[in-house]
Amino acid sequence: MIVTEKKDLQTIRTLLKNRNNIIIVGCSECAAACQTGGSAQVKEMAEHLADKNILATISIESPCDKRTAMRDIRRIQEEMENAEVLVALTCGSGVQALSEVTGKPVIAALDTNFLGMVERLGKFYERCSHCGDCMLNETAELCPVTLCPKGIRNGPCEGITGTQCEVFPDRECVWNRIHERLKERGQADLFLRFHEAQDWGTSHLPREVIWERK
Ligand code: SF4
Ligand code: SF4
């Protein structure tokens, strides 16, 4: 899930200066689960902006998906034609999809933080930095690219203190955890395997995945 946080309202107000005809767009998937862009937050934003002319509010299933964005926006076609600006309670991908689909300026009302593992609502953890060269099959499903603050692919580093991380002494070094887990599984030999450096030639931004439909 994409984890987002709300920008402060004053920032949104500043960006809306001299703009009046507004549509507020929420996301009923990730941002709803983060309680940053669900229908309750769309309503809250509309109340905060009550001094403006809110032409419509809408929650889109996946605003980052241009197909669902286009489909749902048809429901408010007339209001969209008259809108000066959209306020998007979505991730950055959603903001850009809405801009492409509507051709309107879109204000990003959220900050997009990371791809999160969910423990429960309000507890989200970054576990994958989408490096494009997944090594989890060799590291007992612990991602050093993300869990090591230096992103070291062949660890531990020289700074390890006992079992603890040099950078965050209150945390166990992920490479120690990997070693322990591999040992428990009788796969300690995997720990000695050398992992090639990240090939930035293939993982630079922006990335695309394109395949032909069969
Ligand atoms: S190695 Fe880590 S950052 Fe890379 S794809 Fe796998 S989980 Fe994600
Ligand atoms: S001690 Fe371990 S987790 Fe900490 S920076 Fe070094 S390798 Fe990474």
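Visitor: Explanation requested: the sheet that holds strand β6 (residues 110–120) in the structure shown.
Guide: By way of backbone hydrogen bonds, the strands of a sheet pair with one another, either parallel or antiparallel. Taking strand neighbours across the sheet as the criterion, the 3 strands line up as β1-β6-β7 in an open arrangement whose pairing is antiparallel. Two strands bound the open sheet, and with one partner strand each, they are β1 (2–6) and β7 (123–126). The average angle at which neighbouring strand axes cross in this sheet is 65°, direction not considered. The sheet contact formed by β6 and β7 spans 4 bridges and is antiparallel.

Visitor: Help me understand the packing of aromatic side chains, please; the structure alone is not making it clear to me.
Guide: Two measures describe an aromatic ring pair: the distance that separates the ring centres and the angle between the ring planes. Counting across every chain of the model gives 1 aromatic pair. For the pair W175 and F191, a centre-to-centre distance of 5.8 Å together with 70° between the ring planes defines the contact as edge-to-face. In this pair, W175 sits in helix α8 (residues 174–184) while F191 sits in the loop between α8 and α9 (200–203), placing the two residues 16 residues apart along the sequence. Residue W175 shares its accessibility class with F191, and that shared class is buried.

Visitor: What's the story with the nonpolar core in this structure? I'm lost.
Guide: The nonpolar side chains of soluble globular proteins are, as a tendency, buried together. If you look at the biggest cluster of nonpolar residues, it comprises 16 residues, and the most contacted ones within it are I12, L16, I24, M45, V87 and L89. For this core, the secondary-structure elements that each account for two or more residues are β2 (21–27), α3 (39–48) and β4 (85–89). Residues in contact with L16, not counting those within four places in the same chain, are I22, L49, K52, V85, V87 and I107. Membership of the second largest hydrophobic core comes to 15 residues, among which are I23, A69, A83 and V95.

Visitor: Teacher, can you tell me more about the environment of E29 here?
Guide: Of note, E29 is situated in the loop between β2 and α2 (30–33). In sequence terms E29 and Q187 are 158 residues apart; their C-alpha atoms lie 39 Å from each other. Excluding residues within four positions of it along the chain, E29 makes contact with E61 and S62.

Visitor: Mind showing me how you'd approach the site of ligand 2 here?
Guide: Around ligand 2 lies a shell formed by C148, P149, K150, P156, C157, I160, C165, E166, C173, V174 and W175. Split by residue class, the shell around ligand 2 holds 9 nonpolar, no polar and 2 charged.

Visitor: Help me understand the packing of helix α4 (residues 66–73) against helix α6 (residues 92–102), please; the structure alone is not making it clear to me.
Guide: Their axes nearest at 10 Å, the elements α4 and α6 cross at an angle of 55°. With respect to their mutual orientation, α4 and α6 come out oblique. Considering the relative orientation of α4 and α6, their crossing is right-handed. The residues of α6 that touch α4, namely those facing K66, A69, M70 and I73, are A97, L98, E100, V101 and T102. Among the residues making up the contact of α4 with α6, the classes are represented as 6 nonpolar, 1 polar and 2 charged.

Visitor: Teacher, can you tell me more about the side chain of T4 here?
Guide: Note on placement: T4 falls in strand β1. A relative accessible area of 4% means that T4 is categorised as buried. A polar contact of 2.7 Å, which involves the side chain of T4, links it to the side chain of T36. Dropping the residues within four chain positions of it, T4 is found in contact with A31, C34, T36, C91, L110, D111, T112 and N113.

Visitor: Would you explain the site of ligand 1 in this entry?
Guide: In the neighbourhood of ligand 1, the contacting residues comprise C128, S129, H130, C131, C134, M135, L136, C143 and T146. Looking at the shell around ligand 1 residue by residue, the classes come out as 6 nonpolar, 3 polar and no charged.

Calculation criteria
- Residues numbered from 1 in each chain as written.
- Chains lettered and ligands numbered in written order.
- Predicted model: local features only at pLDDT ≥ 70, side-chain atom pairs only at ≥ 80, totals over all residues.
- Heavy atoms only, no water.
- Pairing = 2+ DSSP bridges.
- Helix = DSSP H or I, 4+ residues; strand = E, 2+ residues; numbered from the N terminus.
- Axes fitted to C-alpha atoms, helices over the stretch in contact; angles between N-to-C directions.
- Phe/Tyr/Trp six-rings, centres within 6.5 Å; stacked < 30°, edge-to-face > 60°.
- Buried < 20%, exposed > 50% of the residue type's maximum accessible area, 1.4 Å probe, protein only.
- Core = buried A, V, L, I, M, F, W, Y, C linked by side-chain atoms within 4.5 Å.
- Contact = heavy atoms within 4.5 Å.
- Near = heavy atom within 4 Å.
- Nonpolar A, V, L, I, M, F, W, Y, C, P; charged D, E, K, R; others polar.
- Parallel < 35°, antiparallel > 145°, perpendicular 65-115°, else oblique.
- Left-handed = near helix turned anticlockwise from the far one by under 90°.
- Polar contact = N/O pair within 3.5 Å; in protein donor to acceptor, adjacent residues only side chain to side chain.

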